[in-house]
Each structure stands twice: as C-alpha cells, then as structure tokens.
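# A closer look at the structure
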Amino acid sequence: MEKLKGKDMELLKAEIRARLPTARCEWDLPVDPSAAHFLDVQMGGTHVVIEIRPERGYGVSRITEKAAEETAFTGPDKVFELHEREDMIQYLVALFQAN
C-alpha cells in the first residue's frame, strides 16, 4: 500500500508553490503522524484546504463564509487517491484561477 511520508508532504507544498508562487501555504500538523494533515492554501481572496490522509489520499475543500456556516464537517468537496496527486494539484490550481 502506498503511503505518504514527511518528505512527500514537503514536496507537495513545493509543487503547489511552484504553480501558485504568490500563494501562502501553511501546515496544520497533527500530533499523531498517522492522522490527517491539513495544508491551508490562500491566495487573493481564495482559501482552499487540502486534507491529506497518509494512507488514503487527498480531500480538497474551498473555504467560503457560506461553506463554513452550511457545510462544516460534511467532508471535502472533492477526493483524490494518492496516485491522483497530479490531478489534485491541477484541480487546486483551477480553483484559484477561477477567481
């Protein structure tokens, strides 16, 4: 089974910054390394959170004021498996380009 490691997560952040150079990327790391990790990505007025589950994949959610009120704790907007990393990054970039 494929599993993300710490270096993979730092590489993910670097890949995002290479495609979105003005984006601010900040980790919200859990105490337990096997738990979900969150990468907050903000650029302009857009805020997206990537939930990374080291043994499962990625969940991507665009955070809006309305979404925060109505859809909190309902799961990510879109889910990608670990092998779909490139698709996830392209989806993320498209979210920022749409605004």
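The following refers to the structure shown. What you see is a predicted model, and the numbers here were worked out from it, not measured in a lab.

### A few points about the sheet that holds strand β3 (residues 46-53)
Spatially, the 5 strands line up as an open sheet ordered β1-β2-β3-β4-β5, and their pairing is antiparallel. Whereas interior strands pair on both sides, the edge strands pair on one side only; in this sheet they are β1 (24-28) and β5 (78-81). In this sheet, neighbouring strand axes are inclined to one another by 20° on average, regardless of whether the strands run parallel or antiparallel.

### Details of the nonpolar core
Counting residues in hydrophobic clusters, the biggest one holds 22 residues, and the most contacted among them are Ile 16, Leu 39, Val 41, Ile 50, Ile 52, Tyr 58 and Met 88. Mapped onto this core, the elements with two or more residues apiece are α1 (6-19), β1, β2 (37-43), β3, β4 (57-63) and α3 (85-97). Looking at which element gives the most residues to this core, the answer is α3, with 6 residues. The contacts of Ile 50, once residues within four sequence positions are left out, are Ile 16, His 37, Phe 38, Leu 39, Val 41, Tyr 58, Gly 59, Met 88 and Leu 92.

### Describing the side chain of Thr 46
Here Thr 46 lies in strand β3. Setting aside residues up to four positions removed in sequence, Thr 46 forms contacts with Val 41, Arg 62, Phe 96 and Asn 99.

### Quick notes on the pairing of β2
Where β1 meets β2, 5 bridges bridge the pair, whose relative direction is antiparallel. Its bridge partner lying in β2, Asp 28 is registered against Phe 38. Pairing between β2 and β3: 7 bridges, direction antiparallel. In the strand pairing of β3, Phe 38 is matched with Glu 51. In this antiparallel pair of consecutive strands, β2 and β3, the connection spans 2 residues, and Gly 44 shows a positive phi of 60°.

Calculation notes
Residues numbered from 1 in each chain as written. Predicted model: local features only at pLDDT ≥ 70, side-chain atom pairs only at ≥ 80, totals over all residues. Heavy atoms only, no water. Pairing = 2+ DSSP bridges. Helix = DSSP H or I, 4+ residues; strand = E, 2+ residues; numbered from the N terminus. Axes fitted to C-alpha atoms, helices over the stretch in contact; angles between N-to-C directions. Core = buried A, V, L, I, M, F, W, Y, C linked by side-chain atoms within 4.5 Å. Buried < 20%, exposed > 50% of the residue type's maximum accessible area, 1.4 Å probe, protein only. Contact = heavy atoms within 4.5 Å.

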